[in-house]
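Structure assessment
The residues making up each chain are set out below.
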Amino acid sequence: MKRILVTGGAGFVGSHLCEYLLSQGNEVVCLDNYFTGKKEKIIHLLDNPYFELVRHDVTMPYYIEVDEIYNLACPASPVHYQYNPIKTIKTSVMGAINMLGLAKRTKAKILQASTSEVYGDPELHPQPESYWGHVNPIGIRSCYDEGKRCAESLFVNYHQQNNVRIKIIRIFNTYGPKMEPDDGRVVSNFIVQALKGEDLTIFGNGLQTRSFQYVSDLVEGMVRMMATEDSFTGPVNIGNPGEFTMIELANLVIDITGSKSKLIYRPLPQDDPTQRQPDISLAKEKLGGWEPKVPLREGLTRTIEYFDKLLSVS
Ligand code: NAD
Ligand code: UDP
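Now for a look at the structure at hand. The structure presented is a predicted model; accordingly, all values stated were derived computationally and were not measured. (Residues numbered from 1 in each chain as written. Chains lettered and ligands numbered in written order. Predicted model: local features only at pLDDT ≥ 70, side-chain atom pairs only at ≥ 80, totals over all residues. Heavy atoms only, no water.)

**Re the overall build of the protein**
Helix and strand counts for the protein stand at 9 helices and 13 strands. For 314 residues, the compact-globule estimate of 2.2 N^0.38 gives 20 Å, and the C-alpha radius of gyration of the protein, at 19 Å, lies within 12% of that figure. Taking the principal axes of its C-alpha atoms as reference, the protein extends roughly 55 × 45 × 40 Å. Counting every position in the protein, which comprises 314 residues, the buried fraction comes to 54%. A total of about 13700 Å² of accessible surface is found on the protein, and carbon and sulfur atoms cover 53% of it. (Helix = DSSP H or I, 4+ residues; strand = E, 2+ residues; numbered from the N terminus. Rg over C-alpha atoms; globule rule 2.2 N^0.38 Å. Buried < 20%, exposed > 50% of the residue type's maximum accessible area, 1.4 Å probe, protein only. Areas by Shrake-Rupley, 256 points an atom, 1.4 Å probe, with all protein chains shown as cover.)

**Things to note about the site of ligand 1**
Every one of the 30 residues lining ligand 1 counts as a neighbour, but Val-13, Asp-32, Thr-36, Tyr-144 and Thr-174 are closest to it. Taking Lys-148, its side chain carries an N or O atom lying 2.8 Å from an oxygen atom of ligand 1. For ligand 1, the accessible surface in isolation is 820 Å², of which the surrounding protein chains cover 97%. Among the elements of the structure, helix H1 (12–23), helix H3 (85–106), strand E5 (109–115) and helix H4 (142–162) are those that each provide at least two residues to the shell around ligand 1. For the shell around ligand 1, the element with the most residues is E5, which contributes 3 residues. (Near = heavy atom within 4 Å. Polar contact = N/O pair within 3.5 Å; in protein donor to acceptor, adjacent residues only side chain to side chain.)

**Remarks on the pairing of strand E2 (residues 27–32)**
Counting buried positions along E2 gives 6 out of 6 residues, so the element sits mostly inside the fold. The two faces of E2 match: Glu-27, Val-29 and Leu-31 on one face and Val-28, Cys-30 and Asp-32 on the other face are all buried. On the question of chirality, the crossover connecting strand E1 (residues 3–7) to the parallel E2 by way of H1 is right-handed. Taken together, the 5 bridges between E2 and strand E3 (residues 51–55) define a ladder with parallel strand orientation. Opposite Asp-32, over in E3, you have Arg-55 as the bridge partner. (Right-handed = clockwise from strand over helix to strand, strands pointing away. Pairing = 2+ DSSP bridges.)

**So, the nonpolar core**
Of all hydrophobic cores here, the largest spans 56 residues; its most connected members are Tyr-70, Ile-169, Met-222 and Leu-300. With near-sequence residues (within four places) excluded, Leu-300 lies in contact with Tyr-175, Val-187, Ile-191, Leu-249, Leu-252, Val-253 and Ile-256. Membership of the second largest hydrophobic core comes to 25 residues, among which are Leu-5, Val-54, Ala-73 and Ile-110. (Core = buried A, V, L, I, M, F, W, Y, C linked by side-chain atoms within 4.5 Å. Contact = heavy atoms within 4.5 Å.)

**Brief notes about the packing of helix H5 (residues 186–196) against helix H7 (residues 246–257)**
Look at H5 against H7: their axes get within 10 Å of each other, and the N-to-C directions meet at 40 degrees. One way to sum up the angle between H5 and H7 is to call them oblique. In terms of crossing hand, the pair formed by H5 and H7 is right-handed. Between H5 and H7, the contacting residues are Val-186, Val-187, Phe-190, Ile-191, Ala-194 and Leu-195 on the first element and Met-246, Leu-249, Ala-250, Val-253 and Thr-257 on the second. (Axes fitted to C-alpha atoms, helices over the stretch in contact; angles between N-to-C directions. Parallel < 35°, antiparallel > 145°, perpendicular 65-115°, else oblique. Left-handed = near helix turned anticlockwise from the far one by under 90°.)

Take it as geometry only, folks, not as evidence of what the structure does.
In structure tokens form, the structure reads like this:
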């Protein structure tokens, strides 16, 4: 039995990961400061004697003996990471330093939840891991993008200088049940709007693209990455290459929900990337043939069922 620390474990992705790791017979310590996470997402795990919940902020050191660390602590929605940009940078950078220090002392393997945002507004399409990116270092997204880029640098340097066993994954837009209705990201926004019969807010002309991955595909990719041999550190893209415009996404949500909602257009936020699609050749090669299994329509249908239930009880 391994003891595994999941920082940001009470968040959207972290809660799915905790559930999966426990189901595989591991001991799981979920650490979170509840900035965007909620106890409700993992409360059903509290009866399991192999699950522990810790209220802690990763910007402060944390001491524990563990075999593996998944470092997910960081707000991921633009609305939330721009709410307190300095705190976002501290979380990414100081959080990485503290968790890498912990990995160094305990000789634990540590996986960093990096992001497709390290590619910024990409000039190369689709994006392979070898692409260095096109990021505005002083724009409104920079607290997140540059924080995550600095974290990648810290991971690589702890590996080279101190032999820490690191894994870096670059996650592309992921969605699924347990997102918060007020999360602010596009999938949850459109679904909640459609279910409430409100108009769907398209930012800009709606022709910008994203590639949407269902959460179970991400969790499988993360766990497979952690299990790779020590010599493979990444970074590796984990995402679904299916690419959609925001108008296509909105129409799909309206179609599945049967909603009468219309599309309304709002200003495009500054530095909003125009296109994004992962090149997943490396993941397929290194992660035992891993590839996303859940198509967008199926994943959206499951997510809509989740929000439908959630909204009907609240
Ligand atoms: P989320 O906001 O639901 O989860 C983040 C969690 O981290 C929350 O529980 C939050 O309370 C916690 N947290 C934030 N700051 C913290 C701090 N200082 N100390 C301790 N805990 C803190 O977001 P998510 O979608 O679950 O994302 C999880 C991770 O995956 C993030 O690191 C994010 O950058 C990365 N990621 C996610 C996506 C995606 O599409 N979901 C894409 C790329 C990268
Ligand atoms: N977006 C939108 N309407 C919304 C929320 C977001 O059109 O209500 C757009 C946003 O401008 C971006 C895309 O959807 O082009 C994805 O946004 P999200 O915040 O989900 O993630 P990110 O921009 O970080 O990929």
